[in-house]
Amino acid sequence: MGKIFIVIGVVFIIIGLIWGIIGRLPGDISVKKGNVSFHFPIMTSIVVSVILSIIFYIIGRFR
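Residues numbered from 1 in each chain as written. Predicted model: local features only at pLDDT ≥ 70, side-chain atom pairs only at ≥ 80, totals over all residues. Heavy atoms only, no water.

### Some thoughts on the confidence of the model for the protein
Alright, step 1. Overall, the predicted model of the protein reaches an average pLDDT of 86, with 98% of residues at or above 70.
Alright, step 2. The weakest mean pLDDT in the protein belongs to helix α1 (residues 2-22) at 84; the strongest belongs to strand β1 (residues 29-33) at 91. (pLDDT = per-residue confidence, 0-100. Helix = DSSP H or I, 4+ residues; strand = E, 2+ residues; numbered from the N terminus.)

### Focus: the pairing of β1
Alright, step 1. Of the pairings in the sheet, the one linking β1 to strand β2 (residues 36-40) comprises five bridges and is antiparallel in character. Bridging across to β2, S30 finds its partner in H39.
Alright, step 2. Joining the antiparallel neighbours β1 and β2 is a turn of two residues, in which G34 adopts a positive phi near 65°. (Pairing = 2+ DSSP bridges.)

### Notes on the UniProt feature "transmembrane region" (unreviewed entry) in the protein
Alright, step 1. Here the UniProt feature "transmembrane region" (unreviewed entry) sits at residues 5-26 and 38-59.
Alright, step 2. Within residues 38-59, the helical portion is 82% and the strand portion 14%, while the C-alpha atoms at the span's ends are 36 Å from each other. (UniProt positions renumbered as here; feature names shortened; annotations may be inferred.)

### Observations regarding the environment of W19
Alright, step 1. Along the chain, W19 falls in helix α1.
Alright, step 2. Residue class for W19 comes out partly exposed when judged on its relative accessible area of 41%.
Alright, step 3. Remark: the alpha-carbon pair of W19 and T44, spanning 25 residues in sequence, is separated by 8.6 Å.
Alright, step 4. What W19 contacts, discounting residues up to four positions off in sequence, is T44 and V48. (Buried < 20%, exposed > 50% of the residue type's maximum accessible area, 1.4 Å probe, protein only. Contact = heavy atoms within 4.5 Å.)

### Looking at a nonpolar patch on the surface
Alright, step 1. On the surface, a cluster of nonpolar side chains totalling about 1200 Å² of accessible area is made up of I29, V31, F38, F40, I42, M43, I46, V50, I54, Y57, I58 and F62.
Alright, step 2. Mapped onto the nonpolar patch, the elements with two or more residues apiece are β1, β2 and α2 (42-62).
Alright, step 3. When residues in the nonpolar patch are grouped by element, the largest group, eight residues, is from α2.
Alright, step 4. On the basis of relative accessible area, I29 is assigned to the partly exposed category, the value being 42%. (Patch = residues over 30% accessible without salt bridge, like charges linked within 9 Å, V, L, I, M, F, W, Y side chains within 5 Å. Areas by Shrake-Rupley, 256 points an atom, 1.4 Å probe, with all protein chains shown as cover. Salt bridge = Lys/Arg side-chain N within 4 Å of Asp/Glu carboxyl O.)

### A few points about the environment of M43
Alright, step 1. On the secondary structure map, M43 appears in helix α2.
Alright, step 2. C-alpha of M43 to C-alpha of I59: the two residues are 16 residues apart in sequence and 24 Å apart in space.
Alright, step 3. In contact with M43, other than residues within four places in its own chain, are L25, P26, G27 and D28.

Dropping the structure here:
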């Protein structure tokens with residue numbers, strides 16, 4: 001059980017590092033008015049979706 005938590009933690013750290021790199025791509029919508037801000041990462045969502053689709057496709061081919 002402990003090894004599973006370590007692996008999950010490492011995966012979250014890797015995801016956090018990758019998210020920091022691709023977190024603000026051109027195409028993301030950011031609106032700031034006064035003390036209210038809104039950020040909709042549409043391009044980042046598309047890139048993450050494509051990457052996850054490729055990863056799951058590769059995993060599926062080996063199963």
